[in-house]
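Okay, here's what each chain looks like letter by letter:
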Amino acid sequence: MGTEQDINHQMKVVTGDSGYVLEDVPHLADYIPDLPTYPNPLRSNPAYSVVKQYFVDMDDTVPQKVVVHKDGPRGVHFRRAGPRQKVGIIVSEEYYWDSLMSYYGFAKIVTSLRQVYFDSDEVHACIVTCGGLCPGLNTVIREIVCGLFHMYGVTQVIGIDGGYRGFYSKNTIPLTPKVVNDIHKRGGTILGTSRGGHDTMKIVDSIQDRGINQVYIIGGDGTQKGAAVIYEECRRRGLKVVIAGIPKTIDNDIPVIDRSFGFDTAVEEAQRAINAAHVEAESAENGLGVVKLMGRYSGFIAMYATLASRDVDCCLIPESPFYLGGEGGLFEYVEKRLKENGHMVIVIAEGAGQELLSQFLQSTNEQDASGNRVLQDVGLWISQSIKDYFKQRKIAMTLKYIDPTYMIRAIPSNAADNVYCTLLAQSCVHGAMAGFTGYTSGLVNGRQTYIPFNRINERQNKVVITDRMWARLLSSTNQPSFLGPKDIIEVRKEEQPPNRLLDGENGKDDKPGN
Ligand SMILES: Nc1ncnc2c1ncn2[C@@H]1O[C@H](COP(=O)(O)OP(=O)(O)O)[C@@H](O)[C@H]1O
Ligand SMILES: O=P(O)(O)OC[C@H]1O[C@](O)(COP(=O)(O)O)[C@@H](O)[C@@H]1O
Ligand SMILES: [Mg+2]
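Residues numbered from 1 in each chain as written. Chains lettered and ligands numbered in written order. Predicted model: local features only at pLDDT ≥ 70, side-chain atom pairs only at ≥ 80, totals over all residues. Heavy atoms only, no water.

Looking at this structure, I do not really get unusual backbone geometry. What am I missing?
Leave glycine aside and you will find that most residues have negative phi; peptide bonds, for their part, are mostly trans. Positioned with a positive phi, Val 256 is a non-glycine residue whose angle comes to about 75°. Along the polypeptide, Val 256 turns up in the loop between strand S15 (242-247) and helix H8 (263-283). Residues other than glycine seldom take positive phi values, yet Arg 310 does so here, at roughly 70°. Tracing the sequence through the fold places Arg 310 in the loop between helix H9 (300-309) and strand S17 (314-316). (Helix = DSSP H or I, 4+ residues; strand = E, 2+ residues; numbered from the N terminus.)

Next comes the structure, spelled out in structure tokens:
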């Protein structure tokens, strides 16, 4: 890090040379003085001790933006995840062990003191899953249990039953490598999940009463907000308890990270629904297939499923407003497409067109137990509106509507997501053992990192419709942009904002295939 470091303890922001900024995560030692440390058991683990590069350097950090200008600032960085290696003056018996091993040619990392902040026998870990289902939940649970057990010799791991409320209203579930051995082959979560029920005081009381000192919280935006307040309360009480998050969101709406686990699986599974819609549409005269995909506020699944499929003629997402009647509207486009091709497929994200919908249907201010707005079924509504339009025009057509949401959410994760879940879980465990807390484990530019809760919780990740990925989609479907003259002025303004960074705002739309 640079020479003139300025450390803001509350935010844990460290600045360095040339505009370098580290948005660091809290550590137990920040508020508990004189914490004992222990040699890292991985040091003598046959699988890892010979791997020179396995331990990460204490100072390793990962940049948030990888596209930079010659004279631009180095920008925001996050702490690199992984087992810690602390370089320094060595006066422990570990030095002699390492030196001896080195002398006989077994290990080369002689000047390192590898530390953890928990003795293996002291760890009492728990895992909780919250919010909606997502492929890969069981893999993450499995790999946390196995990582703790096999890498760090931790044997006390329990599961919290049914989300946050399980902390204070249910019995816990003992977790061992045997119990979790083949759970990754199943969808859902073996621990159960729920919405609502976040009572910070009751949860922290339960953590304290049960003697839990590592809490692994798997969940989406709501869950990570809940994790942040649990962390604050543990810190206020001065507890030696690590609060670590793993981001779960099938909608991919969590900011900063490259993508969330289960997203890849969801996009792949969505292909089956799109294929079915295409087959139905192709087989009928003037056939139209409508597929509704997940995405309450962010249209990532719809966008990627559309780009992957090539059978979709129109993709509608919450970020891109559209209209039905008149010139350049959806009805006109559908009619034109059916005339040209005889069939058509529309993919619509569940949160798309909600404002439009509320003009036609009476809006309910219904919320789920977590406080999320309950959306009206846009797929059904748009299907009915299109049918009505064609009926009025006396044009025969056949429309089939498919909502595969719960079939997609309930499947086990695919191979790529399984590997991703494993890395996320192991990184999370390394961070907890190293004494970090108040962090979410996440992939940033292909590297595992620890991200402070406030960065994860400050906003939602959304598709940026003025970035290249959405342009690629428009050119692949040939759909109208649905932007009226007023919208175009707005978009143009956004195209050249002052000091615009080179990466997309969310840093994600630029990632795959750019
Ligand atoms: N702002 C918040 N503060 C504390 N807990 C929250 C907050 N928002 C949601 N939660 C809790 O997090 C859990 C999951 O939230 P939810 O929004 O349903 O799913 P997700 O985490 O997948 O977005 C619920 O138990 C809910 O009570
Ligand atoms: O029917 P449920 O369980 O409330 O879930 C529906 C919602 O869950 C989601 O899968 C996202 O849930 P999370 O916020 O829990 O990740 C959305 O796509 C969908 O709107
Ligand atoms: Mg959510």
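After presenting the structure, the write-up continues.
What should I look at first to understand the sheet that holds strand S18 (residues 343-349) in this one?
Sheet strands line up and pair through hydrogen bonds in the backbone, either parallel or antiparallel. Spatial strand order, S17-S18-S16-S19: four strands in an open sheet with parallel pairing. The sheet is open, and its two borders are formed by S17 and strand S19 (398-402), each paired with just one other strand. Going from strand to strand, the sheet's axes swing by 15° on average, the running direction of each strand aside. Note that S17 and S18 share three bridges and pair parallel. Along S18, the bridge assignment pairs Leu 316 with Ile 348. (Pairing = 2+ DSSP bridges. Axes fitted to C-alpha atoms, helices over the stretch in contact; angles between N-to-C directions.)

Even after reading the chapter, I still don't get the site of ligand 1, so can you show me in this structure?
Contacts to ligand 1 come from 15 residues, most closely from Gly 196, Asp 221, Thr 223, Lys 248 and Ser 370. Between Thr 223 and ligand 1, the recorded distance is 2.4 Å, taken from a side-chain N or O atom to an oxygen atom. In this structure, an oxygen atom belonging to ligand 1 sits 2.6 Å away from a side-chain N or O atom of Ser 370. Within the complex, the protein chains bury 81% of what would otherwise be the 550 Å² of accessible surface of ligand 1. Of the residues that constitute the shell around ligand 1, the class distribution is one nonpolar, 10 polar and four charged. (Near = heavy atom within 4 Å. Polar contact = N/O pair within 3.5 Å; in protein donor to acceptor, adjacent residues only side chain to side chain. Areas by Shrake-Rupley, 256 points an atom, 1.4 Å probe, with all protein chains shown as cover. Nonpolar A, V, L, I, M, F, W, Y, C, P; charged D, E, K, R; others polar.)

Would you explain the pattern of salt bridges in this entry?
Under the criterion given, the structure shown has 21 salt bridges. Of the charged contacts, one joins Arg 455 and Glu 23 as a salt bridge, the two residues approaching to 2.8 Å between their closest N and O atoms. With Arg 455 in helix H15 (residues 453-457) and Glu 23 in strand S3 (residues 20-23), this pair connects stretches of sequence that are 432 residues apart. The class for Arg 455 is buried, based on a relative accessible area of 10%. Residue classification places Glu 23 among the buried residues on the basis of a relative accessible area of 15%. Note that Asp 368 and Arg 195 form a salt bridge whose closest N and O atoms lie 3.6 Å from each other. Taken as a pair, Asp 368 in the loop between helix H11 (354-360) and helix H12 (378-392) and Arg 195 in the loop between helix H5 (177-180) and helix H6 (200-210) lie far apart in primary sequence, 173 residues in all. Given the relative accessible area of 28%, Arg 195 is considered partly exposed. (Salt bridge = Lys/Arg side-chain N within 4 Å of Asp/Glu carboxyl O. Buried < 20%, exposed > 50% of the residue type's maximum accessible area, 1.4 Å probe, protein only.)

Even after reading the chapter, I still don't get the environment of Met 303, so can you show me in this structure?
Examined against the element boundaries, Met 303 turns out to sit in helix H9. Since its relative accessible area comes to 0%, Met 303 is described here as buried. Linking Met 303 and Leu 474, residues 171 residues apart in sequence, is a C-alpha distance of 9.9 Å. Look past the residues within four positions of Met 303 in its chain and what remains in contact with it is Cys 315, Val 463, Met 469, Trp 470 and Leu 473. (Contact = heavy atoms within 4.5 Å.)

Got a minute to help me understand the site of ligand 2 in this structure?
As a matter of local geometry, ligand 2 sits amid Gly 131, Gly 132, Arg 195, Lys 248, Ile 250, Asp 251, Met 294, Gly 295, Arg 296, Glu 350, Tyr 406 and Arg 409. A distance of 3.0 Å separates an oxygen atom of ligand 2 from a polar atom in the side chain of Arg 195. Taking Lys 248, its side chain carries an N or O atom lying 3.1 Å from an oxygen atom of ligand 2. Computed on the free molecule, ligand 2 has an accessible area of 480 Å², of which 83% lies beneath the protein chains in the complex. Per-class residue counts for the shell around ligand 2 are three nonpolar, three polar and six charged.

Hey, could you run me through the packing of helix H3 (residues 137-152) against helix H14 (residues 415-433) in this one?
Each pair of packed helices can be summarised by the angle the axes make with each other and by the distance between the axes. Packing of H3 against H14 leaves a shortest axis separation of 8 Å and a crossing angle of 45°. Relative to H14, the element H3 lies oblique. The two elements H3 and H14 meet at a crossing, and its hand is right-handed. Contacts between H3 and H14 involve Thr 139, Val 140, Glu 143, Ile 144, Gly 147, Leu 148, Met 151 and Tyr 152 from the former and Asn 418, Cys 421, Thr 422, Ala 425, Gln 426, Val 429, His 430 and Met 433 from the latter. Of the residues that constitute the contact of H3 with H14, the class distribution is nine nonpolar, six polar and one charged. (Parallel < 35°, antiparallel > 145°, perpendicular 65-115°, else oblique. Left-handed = near helix turned anticlockwise from the far one by under 90°.)

Even after reading the chapter, I still don't get the nonpolar core, so can you show me in this structure?
The tendency in soluble globular proteins is for nonpolar side chains to be buried side by side. In this structure, Ile 127, Ile 144, Tyr 216 and Phe 261 are the most contacted members of the largest nonpolar core, which totals 80 residues. In terms of residue count, H3 provides more of this core than any other element does, nine residues in total. Discounting chain neighbours no more than four positions away, the residues touching Tyr 216 are Ala 125, Cys 126, Ile 127, Val 128, Ile 144, Leu 148, Ala 244, Cys 428, Val 429 and Ala 432. In this structure, Met 344, Ile 346, Leu 357 and Val 378 belong to the second largest nonpolar core, which totals 26 residues. (Core = buried A, V, L, I, M, F, W, Y, C linked by side-chain atoms within 4.5 Å.)

All we've got here are geometric facts, nothing functional implied.
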